[in-house]
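Coordinates in review
For reference, the chains in residue letters:
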Amino acid sequence: RSKFAGRATFHIYDRETMDEDESRQDIPELLRLALEKQLVSVVYQPIYDVESGSVLGYETLMRLRNLRGELISPAVFIPVAEHTGAIVELGIWVIDQACRDMVEYGLGAVVSANVSPIQLKAPSFPLRIAEILQRHGLAPHKLALEVTEGIDIVPEAQAEWNIQQLRSLGVQIWLDDFGTGFAGLASIRRFEFDVVKIDRSFLHDCQTAEGRRMLNDMVRLLRNLGHRVLVEGVETADQQALLRRLGVHAMQGFLVGRPLPIETMDRPKVDRVA
Ligand code: C2E
Ligand code: MG
Ligand code: MG
Ligand code: MG
């Protein structure tokens, strides 16, 4: 993030706060209280194999409520949490919760969690992940961390070091929102992401022939580089059919599965062997 990003973000944020919603002013305060007052929770969105339709895993998404119990959009609170630094502890809480849920519910699938550049830059991050995995007895390859190309184009040394550390633990590293940032193909090759998630805007552009060509070319390029490709935001049967034709490995979207709290999800039919 550039030196100026902090100030610029603050400006935009202040203006939105005033115009749209007064309660947004309380977000730093809510974030400060979030763990103590249990304002934060997680939901899980299934990730499907395009070919077989089976569940490959679940993406963990953070939810925040205000003191009246109303949900606040991540688009609103995540940038604030990054700005105040609250994302570091909240992010760890989310990953801890996700690992606990996966073991307790015996879902046996990969669980992915979003990690912001702020979290990734914290020197203690890999050790804390290792500690969480060990405490819950979760195999490292069952955890995937989704990093985004959106913010830090060339990751700082600490972030890059941390990615290598997490890799050597056996944790998967996925690239989120591919195509929306400025990360060049060089960084795609350098980091050898286990999965690349193509941002949902590219699927939405597929109403036009040009948009379809674009997605087709992206998928082919990523596949040729040896990546597994996931497309986000599948909302229609036509889009699902298109992904099958393009040879996309995995998909997520409201058509096939919305984010849900763990209590409402089906447990596997077969009991876990103790
Ligand atoms: P993301 O990681 O790209 O997550 C996908 C977002 O798309 C989620 O929004 C999900 O609910 C939404 N989505 C899924 N399928 C569809 C669909 O078919 N159509 C449409 N229109 N949307 C769909 P959500 O939960 O609001 O999260 C927004 C962003 O907030 C995430 O984008 C991620 O960048 C960030 N975020 C969420 N949870 C966490 C977290 O625990 N830590 C961090 N650092 N960031 C998080
Ligand atoms: Mg994500
Ligand atoms: Mg994201
Ligand atoms: Mg995404």
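About the criteria used
Residues numbered from 1 in each chain as written. Chains lettered and ligands numbered in written order. Predicted model: local features only at pLDDT ≥ 70, side-chain atom pairs only at ≥ 80, totals over all residues. Heavy atoms only, no water. Core = buried A, V, L, I, M, F, W, Y, C linked by side-chain atoms within 4.5 Å. Buried < 20%, exposed > 50% of the residue type's maximum accessible area, 1.4 Å probe, protein only. Helix = DSSP H or I, 4+ residues; strand = E, 2+ residues; numbered from the N terminus. Contact = heavy atoms within 4.5 Å. Donors = N, O, S within 2.8 Å, 3.2 Å for Na, K, Ca; no water. Salt bridge = Lys/Arg side-chain N within 4 Å of Asp/Glu carboxyl O. Near = heavy atom within 4 Å. Polar contact = N/O pair within 3.5 Å; in protein donor to acceptor, adjacent residues only side chain to side chain. Areas by Shrake-Rupley, 256 points an atom, 1.4 Å probe, with all protein chains shown as cover. 1 Å grid on protein atoms, 1.4 Å probe; cavity = no way out; pocket = protein on both sides within 12 Å on 5 of 7 lines; lining within 4 Å. Sits in = over half its atoms within 2 Å of the grid points. Nonpolar A, V, L, I, M, F, W, Y, C, P; charged D, E, K, R; others polar.

Per an unreviewed UniProt entry, the protein chain carries the name GGDEF-domain containing protein and comes from Pseudaminobacter soli.

Right, let's talk about the nonpolar core for a bit. In terms of nonpolar packing, the biggest core is built from 72 residues, with I95, L145, I198 and L215 touching the most fellow members. Of the residues forming this core, the biggest block, eight residues, is contributed by helix 4 (residues 87–104). If near-sequence neighbours (up to four positions away) are discounted, L145 is found in contact with I95, A113, V115, F125, L166, V171, Q172, I173 and W174. By size, the runner-up hydrophobic cluster in this structure holds seven residues, among which are A144, W174, V195 and A250.

A few words now on the coordination of the magnesium ion (ligand 3). Around the magnesium ion (ligand 3), the donor atoms from the protein are D176 (OD) and D177 (OD), and they sit 2.5 to 2.7 Å away. In this structure the magnesium ion (ligand 2) is found 3.9 Å away from the magnesium ion (ligand 3), and D176 serves as a bridging donor for the pair. A relative accessible area of 21% means that D177 is categorised as partly exposed.

Scanning the model with the defined rule gives 10 salt bridges in all. Measuring nitrogen to oxygen at the nearest pair gives 3.1 Å for the salt bridge that ties E29 to R32. With E29 and R32 both in helix 2 (residues 27–33) and three residues apart, this pair spans about one turn of that helix. You can call E29 partly exposed: its relative accessible area is 38%. Of the charged contacts in the structure, one is a salt bridge between R128 and E89, with a shortest N-O distance of 2.9 Å. Note that R128 is positioned in helix 6 (residues 125–136) and E89 in helix 4, a separation of 39 residues in sequence. According to the relative accessible area criterion, R128 is partly exposed, its value standing at 27%. A relative accessible area of 39% means that E89 is categorised as partly exposed. One continuous salt-bridge network, built from bridges that share partners, spans E59, E146, K197 and E232.

Turning our attention to the site of ligand 1. As a structural note, the neighbourhood of ligand 1 is formed by 23 residues, with R63, N114, D176, E235 and F254 the closest of them. Here E59 contributes a side-chain N or O atom positioned 3.1 Å from an oxygen atom of ligand 1. N114 is positioned such that a nitrogen or oxygen atom in its side chain is 2.7 Å from an oxygen atom of ligand 1. Surface burial for ligand 1 is 82%, taken as the share of its 810 Å² of free accessible area covered by protein chains. A majority-of-atoms criterion places ligand 1 in the largest pocket. Among the secondary structure elements, those contributing two or more residues to the shell around ligand 1 are strand 2 (55–65), helix 3 (74–84), helix 4 and strand 6 (172–178). Among the elements that make up the shell around ligand 1, the one with the highest residue count is strand 2 (four residues). Classifying every residue of the shell around ligand 1 by side-chain character gives nine nonpolar, six polar and eight charged.

Moving on: the coordination of the magnesium ion (ligand 2). Protein-derived coordination of the magnesium ion (ligand 2) comes from E59 (OE), N114 (OD1), E146 (OE) and D176 (OD), at a distance range of 2.0 to 2.3 Å. Read in sequence order, the donor residues coordinating the magnesium ion (ligand 2) give the pattern E-x54-N-x31-E-x29-D. By relative accessible area, N114 is classed as partly exposed at 31%.

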